[in-house]
Amino acid sequence: MTKKERAVLVTEALNREYGTEMMTYLHYETPWQLLFATILSAQCTDERVNLVTKDLYQKYRTVEDFAAAELSELEKDIYSTGFYKNKAKNLKACAQALLDRYDGEVPNDIDELTSLPGVGRKTANVVRGNIFGEPSIVVDTHVKRVSRLLGLTKETDPTKVEFDLMKLLPKDQWILYNVQVIAVGRTWCISGRPKCSECILRECCKTAETGQKKK
């Protein structure tokens, strides 16, 4: 089976199980709220981020509020998301950059997004895919690990994984793939304790096919 053939079977199985409705696990009402929530989600669960932003976005209601925030106070407000000092600095700097460069609006260009403080390709692609409907592949820990196990990539660098998947998956599947694979990673393909015999992708998974131990 070629990688392309395997990718077709994977996407068909994912769509049967989860459908094709666009969604994100992070809660937001505006583009900048999704941008900031995604920055906070680094090394943190979406559930925790949603708990934090529920109050955070009541306290800081605009980009201007974040830009004017007292850094030490903002650190306390996001403490439970981890790496709070760096995240607070990036949120404040990102808010100021949005005001200075884009009149407070979130840009949709990948280069403009990744030029913002705290914004890498993963964060930029979350925003582009969910806000602007731009075909984007988001590579987080679940996507990288599961994609390698499926046999769709051998790469470990997230950017290289992203470009491998772009070659294999149809564009209308790019943003969906992230959400669907996160669900697989949380339900069946759990790191260190996979449930291979129950997994919806067992028939098209290279690791399951060859009997290799999942990691």
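For the structure, see preceding data.
Residues numbered from 1 in each chain as written. Predicted model: local features only at pLDDT ≥ 70, side-chain atom pairs only at ≥ 80, totals over all residues. Heavy atoms only, no water.

Peer 1: Outline the packing of aromatic side chains, listing residues and values.
Peer 2: The tally for this structure, following the rule as stated, stands at 7 aromatic pairs. Here the aromatic rings of tyrosine 57 and phenylalanine 66 are separated by 6.3 Å at their centres, their planes lie at 70°, and the arrangement is edge-to-face. With respect to burial, tyrosine 57 and phenylalanine 66 carry one shared label: buried. Here the aromatic rings of tyrosine 79 and tyrosine 84 are separated by 4.7 Å at their centres, their planes lie at 50°, and the arrangement is tilted. Looking at tyrosine 84, the relative accessible area reads 25%, which means it is partly exposed. Grouping aromatic residues by their ring pairs yields a cluster made of Trp32, Phe36, Tyr57, Tyr60 and Phe66. A cation over an aromatic ring shows up here: arginine 186 above the ring of tyrosine 25, its NZ or CZ 4.8 Å from the ring centre. (Phe/Tyr/Trp six-rings, centres within 6.5 Å; stacked < 30°, edge-to-face > 60°. Buried < 20%, exposed > 50% of the residue type's maximum accessible area, 1.4 Å probe, protein only. Lys NZ or Arg CZ within 6 Å of the ring centre and 35° of its normal.)

Peer 1: Outline helix H3 (residues 46–59), listing residues and values.
Peer 2: In this model H3 runs 20 Å from its N-terminal to its C-terminal C-alpha over 14 residues, within 8% of the 20 Å that 1.5 Å per residue would give. Roughly 30° is the biggest bend found in H3, and it falls at threonine 53. By the burial criterion, the buried members of H3 are Asp46, Val49, Asn50, Val52, Thr53, Leu56 and Tyr57. (Helix = DSSP H or I, 4+ residues; strand = E, 2+ residues; numbered from the N terminus. Expected span 1.5 Å × (residues − 1). Bend = angle between axes of the 7 residues up to and from the residue.)

Peer 1: Explain the packing of helix H2 (residues 31–40) against helix H8 (residues 121–131) to me, using residue names and the numbers behind them.
Peer 2: Where H2 contacts H8, the two axes come as close as 9 Å, and the packing angle between them is 150°. When the interaxial angle is binned, H2 and H8 end up roughly antiparallel. The handedness of the crossing between H2 and H8 comes out as right-handed. Facing H2, whose interface residues are Pro31, Leu34, Leu35, Thr38 and Ile39, H8 presents Thr123, Val126, Val127, Asn130 and Ile131. Here the residues of the contact of H2 with H8 are counted per class, giving 7 nonpolar, 3 polar and no charged. (Axes fitted to C-alpha atoms, helices over the stretch in contact; angles between N-to-C directions. Parallel < 35°, antiparallel > 145°, perpendicular 65-115°, else oblique. Left-handed = near helix turned anticlockwise from the far one by under 90°. Contact = heavy atoms within 4.5 Å. Nonpolar A, V, L, I, M, F, W, Y, C, P; charged D, E, K, R; others polar.)

Structural measurements only, silent on function.
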